[in-house]
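Each chain, letter by letter, is given below.
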Amino acid sequence: DAKTTQPTSMDCAEGRAANLPCNHSTISGNEYVYWYRQIHSQGPQYIIHGLKNNETNEMASLIITEDRKSSTLILPHATLRDTAVYYCIVRVPNRDDKIIFGKGTRLHILP
Amino acid sequence: DAMVIQNPRYQVTQFGKPVTLSCSQTLNHNVMYWYQQKSSQAPKLLFHYYDKDFNNEADTPDNFQSRRPNTSFCFLDIRSPGLGDAAMYLCATSRVGLAGGLNTDTQYFGPGTRLTVL
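Here the structure is a predicted model, which is why all the values come from computation and not from measurement. (Residues numbered from 1 in each chain as written. Chains lettered and ligands numbered in written order. Predicted model: local features only at pLDDT ≥ 70, side-chain atom pairs only at ≥ 80, totals over all residues. Heavy atoms only, no water.)

(A) Region of interest: the overall build of chain B. Summing up its helical and strand segments, chain B has zero helices and eleven strands in all. Listed N to C, the secondary structure of chain B is β-β-β-β-β-β-β-β-β-β-β in terms of helices and strands. Scaling as 2.2 N^0.38, a compact globule of 118 residues should have a C-alpha radius of gyration of about 13 Å, and chain B matches this with 14 Å. Considered along the principal axes of its C-alpha atoms, chain B spans approximately 45 × 30 × 30 Å. For chain B, the residues scored as buried account for 49% of the 118 residues in total. In chain B, once contacts between residues fewer than 6 apart in sequence are set aside, the share between residues at least 24 apart is 57%. Total accessible area computed for chain B in this model is approximately 5800 Å², and 50% of it derives from carbon and sulfur atoms. In chain B, which carries 10 positive and 9 negative side-chain charges, the distance between the mean positions of the two groups comes to 7 Å. (Helix = DSSP H or I, 4+ residues; strand = E, 2+ residues; numbered from the N terminus. Rg over C-alpha atoms; globule rule 2.2 N^0.38 Å. Buried < 20%, exposed > 50% of the residue type's maximum accessible area, 1.4 Å probe, protein only. Contact = heavy atoms within 4.5 Å. Areas by Shrake-Rupley, 256 points an atom, 1.4 Å probe, with all protein chains shown as cover. Lys, Arg positive; Asp, Glu negative; His and termini not counted. Charge placed at Lys NZ, Arg CZ, Asp CG, Glu CD.)

Set out below in structure tokens:
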């Protein structure tokens, strides 16, 4: 079973920041938080990951709470192309084991 | 440039007729994965190869087999497709267990092959 809980769907206006929450209250000390997204009819795409510090890259920012029980993915200026299902995943990096996908959040960007 | 390539993108087969889906990668990654994704569901891992070592998930049906003849290619064979096997099949790769930092284990997914069973 997935170790994360996400809202089923969210709406965000185009040009605004999209904030996608994820709960992972049972995360263990060596597990990282990963985010992937899947645009319709495409394979999942890696976005970002982190352990406990906030992370930022060209796609998004990841904010992890101090107790590491939850995190938020931030898309700073959402566009219509960001409409996708966003998956929050916790796992130990650098291992060949599976990614367990939860149900994810379906993000709709509204024009 | 395409990094994980899946052919064909769409495959139609008949009930019980064997079918093979292919995946190739230009990333020289040592791990290759096959996921099954049914409509409106999350991807589910079927099996993966760590180099030449095959790792099957416990709940993957025997009807599904895989081959990895070399680093770049991996095949998914469905010996006798049933109607319930209609799905999107996703191939992914990653580089694991080698020096280079944490980002080496990111999984890169192909575009998928959508299988229809008639």
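(B) Molecular detail of the side chain of T113 of chain B. Residue and element names in this part refer to chain B. Position of T113 among the secondary structure elements: in strand β11 (residues 113–117). Looking at T113, the relative accessible area reads 0%, which means it is buried. Of the polar contacts made by the side chain of T113, one reaches the backbone oxygen of P8; its length is 2.4 Å. Sequence-distant contacts of T113, defined by excluding residues within four places in its chain, comprise Q6, N7, P8, R9, Y10, Q11, L21, A87, M88 and Y89. (Polar contact = N/O pair within 3.5 Å; in protein donor to acceptor, adjacent residues only side chain to side chain.)

(C) Up close: the layout of surface pockets. Residue and element names in this part refer to chain A. Roughly 590 Å³ of volume is contained in the largest pocket. Elements with a minimum of two residues in the lining of the largest pocket: β8 (84–91) and β9 (105–110). Looking at the lining of the largest pocket, its residues break down into seven nonpolar, twelve polar and four charged. (1 Å grid on protein atoms, 1.4 Å probe; cavity = no way out; pocket = protein on both sides within 12 Å on 5 of 7 lines; lining within 4 Å. Points joined across faces, edges and corners; volume = space filled by probe spheres on them. Nonpolar A, V, L, I, M, F, W, Y, C, P; charged D, E, K, R; others polar.)

(D) Geometry of the pattern of salt bridges. Tallying each qualifying case throughout the model produces four salt bridges over all chains. Among the ionic pairs, E31 of chain A bridges to K3 of chain A, the shortest N-O distance being 2.5 Å. On the criterion of sequence distance, the pair formed by E31 of chain A in the loop between β2 (18–23) and β3 (32–38) and K3 of chain A in the segment before β1 (9–13) is long-range, its members being 28 residues apart. Taking relative accessible area as the criterion, K3 of chain A reaches 41% and is therefore assigned partly exposed. Among the ionic pairs, D59 of chain B bridges to K44 of chain B, the shortest N-O distance being 3.2 Å. One end of the pair, D59 of chain B, is in the loop between β6 (53–56) and β7 (64–67); the other, K44 of chain B, is in strand β5 (residues 44–50), with 15 residues separating them in the sequence. In this structure K44 of chain B comes out as partly exposed when scored by relative accessible area, which is 34%. (Salt bridge = Lys/Arg side-chain N within 4 Å of Asp/Glu carboxyl O.)

(E) Here's a closer look at the interface of chain B and chain A. Across the contact, 28 residues belong to chain B and 22 residues belong to chain A. Roughly 1800 Å² of surface becomes buried between chain B and chain A when both sides are summed, with 51% attributable to carbon and sulfur atoms. Summed over the shared surface of chain B and chain A, the result is two residue pairs in polar contact (both at pLDDT 80 or more). At the level of elements, β4 (31–37), β5 and β9 (87–94) of chain B are the ones that each hand at least two residues to the side of chain B that touches chain A. Residue contributions to the side of chain B that touches chain A peak at four residues, all from β4 of chain B. For the side of chain B that touches chain A, the class distribution of residues is 13 nonpolar, ten polar and five charged. (Buried area = accessible area lost by both parts, 1.4 Å probe.)

(F) Region of the structure containing the sheet that holds strand β1 (residues 4–7) of chain B. Residue and element names in this part refer to chain B. If you trace the four strands from one edge of the open sheet to the other, you get β1-β3-β8-β7, paired in antiparallel fashion. Taken across any chain shown, the strands that pair with only one partner, and hence form the sheet edges, are β1 and β7. Across this sheet, the average inter-strand angle for adjacent strands is 20 degrees, counted without regard to direction. For strand β3 (residues 19–25) and strand β8 (residues 73–78), the ladder comprises six bridges, and the chain directions are antiparallel. Note that in β8 the partner of V19 across the bridge is I78. (Pairing = 2+ DSSP bridges. Axes fitted to C-alpha atoms, helices over the stretch in contact; angles between N-to-C directions.)

Limitation: the analysis is restricted to geometry and does not speak to function.
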